[in-house]
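Examination of the molecular architecture
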Amino acid sequence: MENEQQKNKFDRREALKMLSIGSGAGLMGMLGSMPSAKATEIPAYTKGMAPVKIKSVKAIATAPSSSNLIVVKVETTEPGLYGLGCATFTQRAVAVVTAINSYLNDFCVGKDVDNIEDMWHGLYVSSYWRNGPVLNNALSGLDQALWDIKGKRANMPVYQLLGGKVRFAVPCYAHASGNTPEAVAESVQKFMDEGYKYVRIQQGGYGAVGVNQKKPDFKEAGFGGETDAYMDERTYLRSVPKIFKTVRERCGDDVELLHDIHERVQPMDAINMIKQLEPYRPFFIEDPFSPENMEWFKQLRASTSVPIAMGELFNNINEFKMPMVNQWFDYIRIHISQIGGITPAMKVARLGEWFNVKTAWHGPGDVSPVGHAANAHIDLAVWNFGIQESVRFSEKMQEVFSGCPTMKNGYMYVNEVPGLGVDINEKEAAKYPIGTKSNWQVRKADGTLIRP
Ligand code: MG
């Protein structure tokens, strides 16, 4: 019995080998005449595609629009074939560069570019301790670069490899802001005139209402740093319902309105404020609590039916599991260059399909155009897509990155070429060196730090 199984296995392997060296030779082999030339040794799992190995992995660091951006470039043994992925962690960019150029390169060189899932898991556990930013950013960049390469090898845009299009393009929201509710409404109207159907509304930056009104007490007292920002929580909490009211009155019902609390207030204050927004029908309210306050979602859900988005600060896909299973939020905010790339993002998106949780990938200025393209390829391919955050790429950005996703009538379109569709000009990128300074210090009047 065992011999019979071994014989069958051998026959199948020989037949595959012969098929892989050409149909004519394969047919001859089938007819009983063994080919004289020895078939090239190709691993059976490649199913006829010759293996391509990783030659080098390196970080490209650039800041054309002031935010530090990190791109992973994976070069292969096939001349001219390389992949790009976004590994941006703007606040600790230099640490990510080190992780990529040392550990990631060492781990990857000589490995087969085709086995993305295997490589993802291998790298995920290769540092033993996991879940942290920096290494996760490096992993995100590698993962996207491997999908880029796979697309190029398959001669298809990446969304095709993820299942193909579920929609013709990606609906996006724009960012409207202003110093007064009326100025915010004007900004919303401009975006509506450009075709946007979804607009996020913020007054004076994240929770920054009141900053310009007077010198805060902690600054008078000489406490904290020169560039520390001031947030007056009470003024902020009162202002948001006013912005929603004004924008609804001036811009009507044909626009979906979003707002980001950015975790900056006490959980019960956030809940009370969100309840006040109900008459203005928000599309979603984002980041009501910091990740340290997850248990407050139960209270929030019992208090209001306003849709909630959360997740950009999560480092690990496991952080999404229980909130999604418990349906604590309606939209998942994945930062593609933080969560580990396309591979884990697709898993979280699919999980959402079972629990009526939709996608709303994080798309700020500190994601490179490669990362924005990765967002858009997933957006095109997942059924439970919700909305996509969009940015405008500056001229400088487009001199560094070619093939950037484009916007038309509030929809994002990807560059329809094989892979992710975005390339980088390394000479141009080098003109904009990254920095090491980041300031997320926001304080209350008495100087107490607020978690951003
Ligand atoms: Mg946010």
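Residues numbered from 1 in each chain as written. Predicted model: local features only at pLDDT ≥ 70, side-chain atom pairs only at ≥ 80, totals over all residues.

Right, let's talk about the overall build of the chain for a bit. Of regular secondary structure, the chain possesses 17 helices and 18 strands. Out of the 452 residues belonging to the chain, those deemed buried represent 42%. Within the chain, contacts between residues at least 6 apart in sequence are counted, and of these 72% link residues at least 24 apart. (Helix = DSSP H or I, 4+ residues; strand = E, 2+ residues; numbered from the N terminus. Buried ≥ 20, exposed ≤ 12 C-beta atoms within 10 Å, placed from the backbone. Contact = placed C-beta atoms within 7 Å.)

One open sheet accounts for three strands, arranged E6-E17-E18; its pairing is mixed. The strands lining the two open edges of the sheet, one partner per strand, are strand E6 (229-230) and strand E18 (449-450). (Pairing = 2+ DSSP bridges.)

This paragraph deals with the sheet that holds strand E3 (residues 82-86). With antiparallel pairing, three strands are arranged side by side in an open sheet as E1-E2-E3. Two strands in the sheet have a free side with no partner beyond their single neighbour: strand E1 (54-62) and E3. Strand-to-strand twist in this sheet, taken as the mean axis angle between neighbours without regard to direction, amounts to 20°. Alignment of strand E2 (residues 69-76) against E3, held across five bridges, turns out to be antiparallel. Along E3, the bridge assignment pairs Val71 with Cys86. Helix H5 (residues 135-154) rests against E1, E2 and E3 of the sheet, and its axis sits at about 140° to E3. Packing against the sheet, helix H15 (residues 369-381) makes contact with E2 and E3, and its axis sits at approximately 90° to E3. (Axes fitted to C-alpha atoms, helices over the stretch in contact; angles between N-to-C directions.)

The next point concerns H5. The first and last C-alpha atoms of H5 sit 29 Å apart over 20 residues, in line with the 28 Å expected at 1.5 Å per residue. Summarising burial for H5: 17 of the 20 residues are buried, a large majority. Following H5 by one or two positions, Asn155 adopts a phi angle in the positive range, close to 60°. (Expected span 1.5 Å × (residues − 1).)

Tracing the backbone shows Thr436 in the loop between helix H17 (426-429) and strand E17 (442-443). C-beta crowding within 10 Å serves as the criterion here: with 10 such atoms nearby, Thr436 is assigned to the exposed category. Distance in space between the C-alpha atoms of Thr436 and Ala93 is 7.3 Å, their sequence separation being 343 residues.

What follows concerns the pairing of strand E7 (residues 256-260). Of all five residues making up E7, four are buried, and the element is well covered by its neighbours. Sheet analysis places strand E5 (residues 198-203) next to E7, joined by three bridges and oriented parallel. Note that in E7 the partner of Arg200 across the bridge is Leu258. In this sheet, strand E8 (residues 284-286) lies alongside E7 in parallel orientation, the contact comprising three bridges. In the strand pairing of E8, Asp260 is matched with Glu286. Each parallel crossover has a hand, and the one from E7 via helix H10 (residues 267-276) to E8 is right-handed. (Right-handed = clockwise from strand over helix to strand, strands pointing away.)

Another point: unusual backbone geometry. Of note, Arg281 is a non-glycine position whose phi angle comes to about 50°, a positive value. With respect to the element layout, Arg281 can be found in the loop between H10 and E8. Unusually for a residue other than glycine, Gln327 sits at a positive phi of about 55°. Topologically, Gln327 is positioned in the loop between helix H12 (318-325) and strand E10 (331-332).

What follows concerns the nonpolar core. Within the largest apolar cluster, 122 residues are counted, with the highest numbers of intra-cluster contacts made by Val96, Leu142 and Val199. Looking at this core, the element that brings in the most residues is H5, giving eight residues. The residues that make up this core include at least three from each of domain 1 (54-157) and domain 2 (160-416). Not counting chain neighbours up to four residues away, the residues in contact with Val199 comprise Tyr173, Ala174, Ala176, Val188, Phe191, Val255 and Leu257. (Core = buried A, V, L, I, M, F, W, Y, C linked by C-beta atoms within 7 Å. Domains from an automatic or database assignment.)

Here helix H3 (residues 93-108) crosses H5 at 60°, and the two axes come no closer than 9 Å. Judged on the interaxial angle alone, H5 and H3 are oblique. Crossing of H3 against H5: the hand is right-handed. Together, Val96, Ala99, Ile100, Leu104 and Cys108 of H3 and Leu135, Asn137, Ala138, Gly141 and Leu142 of H5 make up the contact between the two elements. Partitioning the contact of H3 with H5 into residue classes produces eight nonpolar, two polar and no charged. (Parallel < 35°, antiparallel > 145°, perpendicular 65-115°, else oblique. Left-handed = near helix turned anticlockwise from the far one by under 90°. Nonpolar A, V, L, I, M, F, W, Y, C, P; charged D, E, K, R; others polar.)

It is worth spelling out the packing of H12 against helix H14 (residues 342-355) at this point. Two numbers describe how H12 lies on H14: the axes approach to 10 Å, and their chain directions differ by 10°. Judged on the interaxial angle alone, H14 and H12 are roughly parallel. Side by side, H12 and H14 meet where Phe320, Met324 and Val325 of the first sit next to Val348, Leu351, Gly352 and Phe355 of the second.

Do not read the predicted coordinates in detail wherever pLDDT is low. Averaged over every residue, the pLDDT of the chain is 90; residues scoring 70 or more account for 88%. For the stretch residues 1-37, pLDDT sits under 50, and the model shows 19 contacts to residues farther than four places along the chain or on other chains. (pLDDT = per-residue confidence, 0-100.)

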